[in-house]
Amino acid sequence: MKKLFAILLVAVMMFSIAACTQTQTDVPASSKPSTPNNEPSVMTHAQYMAAEADEAVKVECYVQATQSWWDNKITIYAQDKHFGGYFAYEVTCSEEDAAKLVPGTKIIIEGYKTYYKGMPEIASGATLTIVEDGDTYEAPASILTDKLGTQDLVKEAGVYAAFQGLTIAKIEYRNGEPGDDIYVDFTLGESTYSFCVERYLTDPETDLYKMFVDEDLKVGDVVNVYGFVYWYDADEDGESGDGINTHITKITKG
């Protein structure tokens, strides 16, 4: 009798184990944990700036200006609400979406960090998401005159900035005549800084471009310069020299 009871007890235990195993393994698919989502999180501006070259990045920001759309690509100047700037080069974009990228539009850009001549930027081929019904934001100009001549200015890359009390020292047209970029040198004290009227940002039909062509702006004029901080270090090492090369959007006479 004792043997029979022991056998029955073992049978009950085996049945309980099987039931438990069934409970653990036969969970309906809808209640199982999903595959881990490897989608990168949106970065803060500080995290973006700290990212290494070729590192994946994802930023949420607001369009401040764009260069001309072409071949399903558009270059974007963007900023967040804490004055952190972004320069995204040749973002993949349809012509229909390009028309929506008016200043203030909220977007998400996802791609890879890169450097060009010391300029931190989001590399060509990044993807774009327009945040439908998102809030809007157009950044005021950050006065960065005091940072001219310092390496810290590269940290402001992409920011809409103002540089006050500069003197026009040289005006040079790319290819020698109007129609393309205009290279403008400014002096402040004993130092000279090279800025640019970027043809794909402010083309020959804009008021800014015409001010140079019509000679409303001349060598010797003292002016306040507005534009997006761009960096172009001719020495290519990102450390030597002052590579400021702001893309000008507006000039007022001082």
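Residues numbered from 1 in each chain as written. Predicted model: local features only at pLDDT ≥ 70, side-chain atom pairs only at ≥ 80, totals over all residues. Heavy atoms only, no water.

Some words on the overall build of the protein
Here is step 1: Within the protein one finds four helices and 12 strands.
Here is step 2: Burial status across the protein gives 41% buried among its 254 residues.
Here is step 3: Only carbon and sulfur atoms are counted for the fraction: they give 52% of the accessible area of the protein, which is about 14300 Å². (Helix = DSSP H or I, 4+ residues; strand = E, 2+ residues; numbered from the N terminus. Buried < 20%, exposed > 50% of the residue type's maximum accessible area, 1.4 Å probe, protein only. Areas by Shrake-Rupley, 256 points an atom, 1.4 Å probe, with all protein chains shown as cover.)

What about the pattern of salt bridges?
Here is step 1: Here the structure, examined in full by the defined rule, presents 11 salt bridges.
Here is step 2: We note a salt bridge from K100 to D97, for which the minimum N-O separation is 3.6 Å.
Here is step 3: We classify D97 as partly exposed; its relative accessible area is 26%.
Here is step 4: Each of E60, K81, K106 and D135 takes part in a single network of salt bridges with overlapping partners. (Salt bridge = Lys/Arg side-chain N within 4 Å of Asp/Glu carboxyl O.)

Some thoughts on the side chain of Q67
Here is step 1: Positionally, Q67 belongs in the loop between strand 1 (56-66) and strand 2 (73-79).
Here is step 2: A polar side-chain atom of Q67 sits 2.8 Å from a polar atom in the side chain of Y77. (Polar contact = N/O pair within 3.5 Å; in protein donor to acceptor, adjacent residues only side chain to side chain.)

Re the side chain of T105
Here is step 1: Considering the arrangement of structural elements, one finds T105 in the loop between helix 3 (95-98) and strand 4 (106-116).
Here is step 2: Side-chain polar atoms of T105 contact the backbone oxygen of V102, separated by 2.8 Å.
Here is step 3: When neighbours within four sequence positions are excluded, T105 is seen to be in contact with C61, Y62, V63, K100 and I130. (Contact = heavy atoms within 4.5 Å.)

With respect to unusual backbone geometry
Here is step 1: Even without glycine at this site, D71 takes up a positive phi of about 50°.
Here is step 2: Inspection of the secondary structure puts D71 in the loop between strand 1 and strand 2.
Here is step 3: A positive phi angle is found at K117, which is not glycine, with a value near 55°.
Here is step 4: Here K117 is to be found in the loop between strand 4 and strand 5 (119-122).

Here we look at the packing of aromatic side chains
Here is step 1: Tallied over the entire structure, the rule returns nine aromatic pairs.
Here is step 2: Look at F163 and F195: their rings are 5.4 Å apart centre to centre, the planes differ by 70°, and that puts the pair in the edge-to-face class. Here F163, found in strand 8 (residues 160-173), pairs with F195, found in strand 10 (residues 191-197); they are 32 residues apart in sequence, far enough to count as distant. Of the two residues, F163 and F195, both sit in the buried class.
Here is step 3: Aromatic ring contacts, followed pair by pair, group Y77, F87, Y160, F228 and Y230 into a single cluster.
Here is step 4: Directly above the aromatic system of W70 lies the positively charged group of K73, at a separation of 4.3 Å from the ring centroid.
Here is step 5: Here the guanidinium or amino end of K250 rests over the ring plane of Y226, the centre of that ring lying 4.4 Å away. (Phe/Tyr/Trp six-rings, centres within 6.5 Å; stacked < 30°, edge-to-face > 60°. Lys NZ or Arg CZ within 6 Å of the ring centre and 35° of its normal.)

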